[in-house]
Amino acid sequence: MASWDVGSTMPVQAMLRPLLNAQSSPLLASIDTQAEIADALEYKVRVLNVGIVKTMPRFMLNTLPMRRRAKATQRIIDRMQNTHTATQRVGKPKDVVDAYLALHASDPQFLPESDLSLPLGAILMTAMYMGDQVGFALYWLLQNPELYERVTAEADALWAEGDPGEDDLSPDRIDVTRRVLMETLRMSPITVMSMRTVMNTCVVEGYELPVGTQLLIAQAATHYLEEAFPDPWTFDIDRYAPPRNEHRGGGYAPFGLGTHSCLGRRWAHMHMAINLLMLTHHFRIELARPFKRMPMDPLPSQSPSNRIKLRIAEQRHELRV
Ligand code: HEM
């Protein structure tokens, strides 16, 4: 944020993914990955497009730029491991890399060395998911100036006596920001569906699903059903206040459903709220140009398109770095 100049314009992904990564890599993996994160995320997105959603042929992973990005990603993963030997971690708070390495050490059959790169590399993706989701939230705020003002007011109250501490971030003090994020996660969730493979033949709602069937479960489809969320195409944060509490009706699933729903949801929610508050307190942000409909990249996860450019219109408060 310290490098953002007043008057400058940035594509939304290029602005917010590194911002979130500057926090998530040190917090989850105890390393700084800023220099290589853009390459690593481009590589990961390509892997997902080729291997999971299959929108690109295999050779697209082997282009020269992708081979360079694959090496950059591997360098980060190697660094995660090289900085997490038992001696190096004495007295340090446990992070996610420690947890994966401990699981591998205690049960190498369950999490073999050959599979470690996948979860370690996935740590980097949280910057993309949270950055993109904050990008969606900012876009919705810019469409709803009255809400933008209310979030800014919450932020200014939190920073009134210096940087807020953890006890200051109670739900009542960040109520509007929290509900803006909940509504963003309903209207523009980064994950709209999950992929599964049927492991045991079963019958669901009268449909027989043979073993091996590939399923796309569109868990966020209910977000747009009138009976679950009245007037579903309107951005309305009062859905989540009593007596409406529409998120408790069973149709709200931005973090997935069932056994493998998001383990990081509480972290993500709090982390994104803090970032939205930091952004509105320190800067006034504008859309460089308006759109009739929000431009999005739908795959491999939903992202606000880089065609959306954000302008730093004003620095409202000094950054203490
Ligand atoms: C905008 C933020 C995020 C969203 C919308 C999100 C959403 C999701 C969704 C939908 C799934 C389920 C995928 C499936 O069913 O195949 C999932 C899984 C998971 N998420 Fe997140 N996530 C976010 C951020 C995070 C963060 C920050 C972390 C870690 C700190 C995290 C950790 C995980 C883990 C470990 C799983 C796998 C759980 C399992 O397989 O049992 N997520 N996430």
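Per chain, residues are indexed from 1 in the order of the written sequence. Residue-level local features of this predicted model are given only where pLDDT is at least 70; pairs of side-chain atoms are given and counted only at 80 or more, and the full residue set underlies all totals for whole chains, interfaces and linings. Side-chain measures were taken over the full set of non-hydrogen atoms in the model, leaving aside hydrogen atoms and water.

Caption draft 1: Up close: the site of the ligand. Any residue with a heavy atom lying within 4 Å of a molecule or strand is counted as near it. Near the ligand there are 20 residues, and of these Ser194, Arg196, Phe255, His260 and Cys262 occur at the shortest range. In the analysis that follows, any N or O atom pair within 3.5 Å is treated as a polar contact, provided that within protein one partner can donate a hydrogen and the other can accept it, and provided that, for residues neighboring in sequence, both atoms belong to side chains. Arg196 is positioned with one of its side-chain polar atoms (N or O) 2.7 Å from an oxygen atom of the ligand. Take His260: an N or O atom from its side chain is 2.7 Å from an oxygen atom of the ligand. Contributions of two or more residues to the shell around the ligand are made by helix H5 (117-143), strand S2 (194-197) and helix H8 (265-282). The residue inventory of the shell around the ligand, partitioned by class, reads eleven nonpolar, eight polar and one charged. Numbering goes from the N terminus for both helices and strands, where a helix is a DSSP run of H or I of at least four residues and a strand is a run of E of at least two. Side-chain classes are defined by residue name, with Ala, Val, Leu, Ile, Met, Phe, Trp, Tyr, Cys and Pro counting as nonpolar, Asp, Glu, Lys and Arg as charged, and the others, Gly among them, as polar.

Caption draft 2: Just the coordination of the iron atom of the ligand, in detail. When only protein atoms are considered, the iron atom of the ligand has one donor, Cys262 (SG), at a distance of 2.3 Å. Summarising the element assignment, Cys262 is placed in the loop between strand S5 (214-217) and H8. Here a donor is an N, O or S atom found within 2.8 Å of the metal, or within 3.2 Å if the metal is Na, K or Ca; sites may look incomplete because water is not among the atoms.

Caption draft 3: Focus on unusual backbone geometry. Residues Pro242 and Pro243 are joined by a peptide bond in cis, for which omega reads 0°. As for its placement among the helices and strands, Pro243 is situated in the loop between S5 and H8. With an omega dihedral of 5°, the bond running from Leu299 to Pro300 counts as a cis peptide bond. Mapped onto the elements of the fold, Pro300 is located in the loop between strand S7 (296-297) and strand S8 (303-304). Its identity as a non-glycine residue notwithstanding, Glu205 has a phi of 50°, on the positive side. Among the structural elements, Glu205 can be located in the loop between strand S3 (202-204) and strand S4 (207-209). Throughout this description, buried means an accessible area under 20% of the type-specific maximum (1.4 Å probe, protein chains only), exposed means over 50%, and partly exposed covers the range between. When its relative accessible area of 76% is taken as the criterion, Glu205 is described as exposed. In the Ramachandran plot, Asn245 falls in the positive-phi region, its phi being about 40° despite a non-glycine side chain.

Caption draft 4: Geometry of the packing of aromatic side chains. Side-chain rings of Phe, Tyr and Trp (the six-membered ring for Trp) are treated as a pair once their centres are within 6.5 Å; stacked means planes under 30 degrees apart, edge-to-face means over 60, and tilted covers the remaining angles. A complete count under the given rule lists six aromatic pairs for this structure. Measuring from ring centre to ring centre gives 5.0 Å for Trp140 and Phe235, while their planes differ by 20°; the resulting arrangement is stacked. Placement of the pair is Trp140 in helix H5 and Phe235 in the loop between S5 and H8, with a sequence separation of 95 residues. Here the two residues Trp140 and Phe235 agree in accessibility, since each one is buried.

Caption draft 5: Quick peek at helix H3 (residues 64-82). The span you would expect from a helix comes to 1.5 Å times its residue count less one. Compared with the 27 Å implied by 1.5 Å per residue over 19 residues, the 27 Å span of H3 between its first and last C-alpha is a close match. Turning to H3, its buried residues are Met66, Arg69, Ala72, Thr73, Ile76, Ile77 and Met80. One face of H3 carries all of its buried residues, which in axial projection span an arc of 135°. Turned more than 90 degrees away from the buried face of H3, the exposed residues are Leu64, Lys71 and Asn82. Working note: the arc is built from the helix axis to C-beta atom directions.

Caption draft 6: Broad picture of the sheet that holds strand S6 (residues 283-287). By this definition, two strands are paired if DSSP reports at least two bridges between them. The strand order across the open sheet formed by three strands is S1-S9-S6, and the pairing between neighbours is antiparallel. Strands with a single pairing partner mark the edges of an open sheet, and in this sheet they are strand S1 (9-11) and S6. Between one strand axis and the next, the sheet turns through 35° on average, direction left out of account. When checking whether two residues touch, look at their non-hydrogen atoms; a contact exists if any pair is within 4.5 Å. Note on geometry: axes are lines fitted to C-alpha atoms, helical ones only across the stretch in contact, with angles between N-to-C directions running from 0 to 180 degrees. Along the sheet, helix H1 (residues 12-29) contacts S1, S6 and strand S9 (309-315); its crossing angle with S1, the most-contacted strand, is approximately 80°. Relative to the sheet, H5 contacts S6 and S9, its axis offset from that of S6 by approximately 80°.

Caption draft 7: Here's a closer look at the packing of helix H6 (residues 145-158) against helix H7 (residues 175-187). The contact between H6 and H7 brings their axes to 8 Å, and the two run at 135°. It follows from the interaxial angle that H6 and H7 lie oblique. Along the contact surface, H6 presents Leu147, Arg150, Val151 and Glu154, while H7 presents Asp175, Val176, Thr177, Arg179 and Val180. When its residues are assigned to classes, the contact of H6 with H7 shows four nonpolar, one polar and four charged. Under this scheme an angle from 65 to 115 degrees is roughly perpendicular, one under 35 degrees roughly parallel, and one over 145 degrees roughly antiparallel; angles in between are oblique.

Caption draft 8: Region of interest: the side chain of Arg186. Looking at where Arg186 falls in the secondary structure, it is placed in helix H7. Reaching out from Arg186, the side chain makes a polar contact with the side chain of Glu183 at a distance of 2.8 Å. A distance of 2.7 Å separates a polar side-chain atom of Arg186 from the backbone oxygen of His223.

Functional significance is not addressed by these values, which are geometric in nature.
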